Each structure stands twice: as C-alpha cells, then as structure tokens.
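What follows is the residue order along each chain.
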Amino acid sequence: MLKLIGACLILTACANFGFTWAGIYEKRPRQIKGLEGALQLLETEILYGATPLPDAMEEVALRCDSEIAGLFRETARELRKMDGSTGGEAWQRALDEFFPVTALNKQDVHILRRLGSSLGISDREDQAKHLKLTKSQLAAAASQAEMNAKKSATVYRYLGVLSGLLLVLVLY
Amino acid sequence: MAVNVCDTIPEGKKNCTMVTLISREILPVLPNRIKQLITELPADILDQLEEIRLRQGKPLLLSLTRDDVMVTEQGQPTTVAEFGYVVTDKDLMRAVQLISGSSIYAFEEEIKNGFITIKGGHRVGISGKVTTDRGRVKTIKHITSLNIRIAREITGAADRVMPYLINPVTKKFHHTLIISPPRCGKTTLIRDVIRQVSKGIPALDFKGCTVGVVDERSEIAGCYYGVPQKDVGFRTDVLDACPKAEGMMMMIRAMGPQVIATDEIGREQDAAALEEALNAGITVLTTAHGKDWEEIAQRPVLRYIIEQGIFERMVTLGRSKGAGTVEDIIDVSSGKSLMR
C-alpha cells in the first residue's frame, strides 16, 4: 500500500515537472507578444502624445498585459525618484528586477536592453524608429519562441509523465 | 536715492533659501559629478550663484553676482581655468537627459526656441549643432553648451516701488514700463509687481485685480507643463510660451484681465496689441531692454509707444548697488522723477 502511494507521488511529481517546464516554453512567446503590444502603446504615447517618459511608462503599465506591466511600472518608479539617473538607467534597473520573474531568455532581454540606451534621448521620430526596430526584433523572437514552444512543450509533457513511469517501474 | 531690493531680505534667511533652492531644484538636473562639486561649495558662493554653465571640454563655470568662478576637481572654487573641472561630453548628455526628465522628445518646441524651463521655473539655455528644415530651426542635435539660469524669486522685491505705481486717489494701477539692462532684476521685479497687483496691497488700500500674463519666454511665471512655478498671485492667468502680440489679443478676448503684463516689448505688432489693450480699458505693465528712457526712445517702436503717452510710470533698474537697484521712477506726464 505504502509502495503504491509512493509510486503515485513520484508519478505526479514528474508529470508536474514536465508540465511546468512546458508551461515556461509556452509563456515566453506570450510574454514577448505582450511586450510588443506594450511597446506599441509606448510608441503611441511618445509619437502622438509627446508624453514625458515617467507618465508614458505609467500609462503603458496600466494598459498593457498584466504579466509584463511590472517592467513599465518599475521604470516609472525609478524615474520618479529623481536621483540623477537617466531614462536608460531606470529601464536597465527595472529590467534587472523584472527579468528573473519572467520566461524571457537572454536574447529577449538583450533586445530590451538595447532599447534602453536610446530611450528618451532624441526627438519623437527618432524614438519611434528605435521602438519600431525593437518591436520587429521582438516579433522575430516571438515567432521563433512559438515554434520552440510547439515542439518542446509536448516533448516535455511526455517526458515528464514517461520518466515518472520509468522511475516507478525501476523502483517497483 | 537708489535702493537695492535684495536689502529688504534679512541676510541669514537669504542664504538658507538660496541653498535649499539650489539643492531642491537645480541639483536634481545635474550629473552626479557636477552635483557633488557644487554641493561642496561654500554657502556664500551658492548664495551669489546666478548661472551654471556647462560647455563640452571647457571648465565648469559658475556666474556669480559680480564675477565668475570655476571649481577644482576637489570642489574648491578657483579662478585659474587650468585647475577647473572640465565638463565632459558624458556630463552634458546626462544633464540634457535629466533636464528633460529623460523625455527630450517632449521638448521639441522648447529646444527649437533654445531653452527648456525646468521645475521651479529655472531656464536652461541650449546651444550646439542646429539642424534646419527649409531654413527654419528643426532641432539642436549635438548639444554642447548648457546655461542653467537660476530664477530668483524675491518676494517683496517690488515693495519699494509699489507706492509709486498706484494712484493714491483712484487706487488704480498705473500703466508702467520697466526699463533695465540685462541681468539687473527686471524679471524679478515685474514678477513681484504682478504678484502684488494680483493679490492686492492692504497697506496701500489697493484691492487685487485680474492679471493676464503673456509669458513668451516662460520667464515671468516660469511655467513647467503650464503650471506657474513662481508665485504670481491668485488672480493671475498665464499664457505660457505664447507670442506677445497674439497672446495679448487672446487675453483681451477671453480672460477679461484688468492688467496685462508682458516681458520685453519691441516689435511692431506689440505696439498694436498694446493699443488694443488700452482701448479695452486694460492697464499695461511691461518691460524693455535698455539703460534709461533716452536710450529706449532711440528705437522706433518704443519711441512710438512712449510718444503715444501710453505709460504713466517708468521704472529704471541698474546695478549701481547690486542687481535689482531701482535707479529711478519717472512720472511720464510731468517728466519728473518721483524718487529724488
């Protein structure tokens, strides 16, 4: 009886592991797409509203996908401190804080970091150009992430359940 | 009898307000290194500070009331250029970003005009490489010089002149022209006159009246996102960054002011707008660049305005006893000085 309970536990643990892993793969394209949308909002704020960066960031945080709102809210908070740091630095700090709680990988973060160095330092048209560039890079990353997710998510789900079964068989 | 408006403020209080003003409003827009250097300066230098000049590859320069001073790497004042802290391109880039709140794109119009007004109403002049579009300034690309002008707000600067500007019988404010060379406290004075006219002066039995300020260069009210950063009274409406002539007409049409105040008239349209204001029964308060009224009368537009007998009082400022010295107040109708 005890053995049976143990086997069940092992099986659920492994399956869970596989599903979580698959979940991360599926989260990444979703979050990249959310970022794309958020940057589109930011572009609108800057290009048509000429909204100052802290306000623009807050506005985006309110309206974008809740999973990534933290990045923009944090940037706005850093900017409002007025501690002598620039928009780019506030963005980098917010990224450092935000990155670990997301499913984004290093390349995605690199794209976002590059945006930081040009944030708020030029006129509207130039800002829009930088934002467009970042968006197109994110779009490429998203389609790649989606392909990965399709392949990997199923694989990891199976892998989780099957490795659980294997472990149970070996130990039984 | 010349008096200095700064004398009306107790010495100790002046010191402390200036230092807190700088640390609260000026330091946040400076890059860390320069911020640190300025923080370490003795209070008597900060008290005299009028401008902070950042020029790429040149020593950091502080313009004081009488002369200017540089700062060594150790934060000591010096007059030897070689010892002064040299402003780097990074410093300038950071300063520009901090001044604009990391939103240079939000200040395109301001950059075209060559200055940005920061929180607290201080003006930052900008120069560098200009890009043009069909002969008009489009933007300043590589910003290589900044001039941060600290806008002093001396509440009570106009105390000594107000009795001469208000008719003791009718209790009405006179049409007034303030004449002053640059950097003699013209804007400080007109701002305080506006404040007092707007609030009212119980001591003179003068009730406050509605004032319309057309602040073309954002200096009088020092607006930051349209909100006056300086105390201009609670019966005052400000048209910020608005061309004078047009702004005066807008005010007359819509805001019903009893007094219209503007800075530095001199163009033909200004004269027409002034006449329009007079016809509407509005009192005019304005300033002009110059030493005295003889010099001003050399300029056609100003001479025309003076010959029309628009102004009833002329106040001349100078530096004979420091910035903000009221040299003379003239009653235009009789041509007599009221101060002697």
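Residues numbered from 1 in each chain as written. Chains lettered and ligands numbered in written order. Predicted model: local features only at pLDDT ≥ 70, side-chain atom pairs only at ≥ 80, totals over all residues.

### A few points about the overall build of chain A
- Tallying secondary structure elements over chain A gives six helices and zero strands in all.
- Taken from N to C terminus, the helices and strands of chain A fall in the order α-α-α-α-α-α.
- Relative to a compact globule of 172 residues, whose C-alpha radius of gyration would be 16 Å, chain A shows 21 Å and is clearly more extended.
- Seen through its principal axes, chain A has C-alpha atoms that stretch 70 × 30 × 25 Å.
- A buried classification covers 36% of the 172 residues belonging to chain A.
- A fraction of 70% describes how many contacts in chain A between residues 6 or more apart in sequence connect residues 24 or more apart. (Helix = DSSP H or I, 4+ residues; strand = E, 2+ residues; numbered from the N terminus. Rg over C-alpha atoms; globule rule 2.2 N^0.38 Å. Buried ≥ 20, exposed ≤ 12 C-beta atoms within 10 Å, placed from the backbone. Contact = placed C-beta atoms within 7 Å.)

### Focus: helix α5 (residues 106–116) of chain A
All names here are of chain A.
- Among the residues of α5, D108, I111, L112, L115 and G116 are the ones counted as buried. Looking down the long axis of α5, one finds its buried residues gathered within 155° of arc, a one-sided arrangement. Residues K106, Q107 and H110 are exposed on α5 and point more than 90 degrees away from its buried face.
- In this fold, the buried residues of α5 make contact with α1 (2–49), α4 (87–98) and α6 (124–171). (Arc of directions from axis to C-beta.)

### Describing α1(A)
- With 48 residues, α1(A) extends 66 Å between its outermost C-alpha atoms, agreeing within 8% with the 70 Å of an ideal straight helix rising 1.5 Å per residue.
- Immediately downstream of α1(A), the backbone of A50(A) shows phi near 50°, a positive value. (Expected span 1.5 Å × (residues − 1).)

### Considerations on the confidence of the model for chain B
Residue and element names in this part refer to chain B.
- Overall, the predicted model of chain B reaches an average pLDDT of 86, with 95% of residues at or above 70.
- Within chain B, the element-level pLDDT minimum falls on strand β1 (residues 3–4), averaging 46, and the maximum on strand β14 (residues 259–262), averaging 94.
- Across residues 1–15 the pLDDT falls below 50, and counting only partners more than four positions away or on other chains, this stretch makes 30 contacts in the model.
- Reported for the predicted complex are a pTM of 0.78 and an ipTM of 0.78. (pLDDT = per-residue confidence, 0-100.)

### Brief notes about the interface of chain A and chain B
- With 18 residues of chain A in contact, the opposing surface of chain B contributes 15 residues.
- Elements represented by at least two residues in the side of chain A that touches chain B include exactly α2 (53–63) and α6 of chain A.

### Quick look at the environment of H142(B)
Residues and elements named next belong to chain B.
- Tracing the sequence through the fold places H142 in strand β8 (residues 136–149).
- By the C-beta count within 10 Å, which is 12 here, H142 ends up exposed.
- Residues H142 and L92, 50 residues apart in the sequence, show an inter-C-alpha distance of 9.8 Å.
- Apart from residues no more than four positions distant in its own chain, H142 is found in contact with G128 and K129.

### Notes on the packing of helix α3 (residues 69–80) of chain A against α4(A)
Residue and element names in this part refer to chain A.
- At their nearest, the axes of α3 and α4 sit 8 Å apart, and the two run at 135° to each other. Our classification of the angle between α3 and α4 gives oblique. The interaxial crossing formed by α3 with α4 has right-handed handedness. Of the residues in α4, those in contact with G70, L71, E74, T75, E78 and L79 of α3 are G87, A90, W91, R93, A94, L95, E97 and F98.
- Classifying every residue of the contact of α3 with α4 by side-chain character gives seven nonpolar, three polar and four charged. (Axes fitted to C-alpha atoms, helices over the stretch in contact; angles between N-to-C directions. Parallel < 35°, antiparallel > 145°, perpendicular 65-115°, else oblique. Left-handed = near helix turned anticlockwise from the far one by under 90°. Nonpolar A, V, L, I, M, F, W, Y, C, P; charged D, E, K, R; others polar.)

### Observations regarding the pairing of strand β12 (residues 211–215) of chain B
Residues and elements named next belong to chain B.
- Burial runs high along β12: five of the five residues are buried.
- Burial of the side chains of β12 extends over both faces: V211, V213 and D215 are buried on one face and G212 and V214 on the other.
- Bridge count between β12 and strand β13 (residues 236–240): five bridges; the pairing is parallel. Each residue of the ladder has a partner; that of V213, found in β13, is V238.
- Where β12 lies against β14, four bridges are found, and the strand directions are parallel. Following the sheet pairing, V213 is matched in β14 by A261. (Pairing = 2+ DSSP bridges.)

### With respect to the pairing of strand β16 (residues 313–318) of chain B
Residues and elements named next belong to chain B.
- Within β16, six of the six residues are buried, which leaves it mostly tucked inside the rest of the structure.
- The side-chain alternation of β16 yields two buried faces, one formed by R313, V315 and L317 and the other by M314, T316 and G318.
- Pairing of β16 with strand β17 (residues 325–331), which is carried by six bridges, proceeds in the antiparallel orientation. Within β17, the residue paired with V315 across the bridge is I329.
- Where β16 hands over to β17, the hairpin turn is made up of six residues, of which G322 adopts a positive phi near 95°.

### Observations concerning the sheet that holds strand β5 (residues 77–78) of chain B
Residues and elements named next belong to chain B.
- Taking strand neighbours across the sheet as the criterion, the seven strands line up as β5-β4-β3-β2-β8-β7-β6 in an open arrangement whose pairing is antiparallel. Of all strands in the sheet, those bounded by a partner on one side alone are β5 and β6 (115–117).
- Sheet analysis places strand β3 (residues 61–63) next to strand β4 (residues 68–71), joined by three bridges and oriented antiparallel. Of the residues in β4, the one forming a bridge with L61 is M70.
- Packing of helix α4 (residues 89–99) onto the sheet brings it into contact with β2 (51–55), β6, β7 (123–133) and β8, and relative to β8 it is tilted by some 100°.

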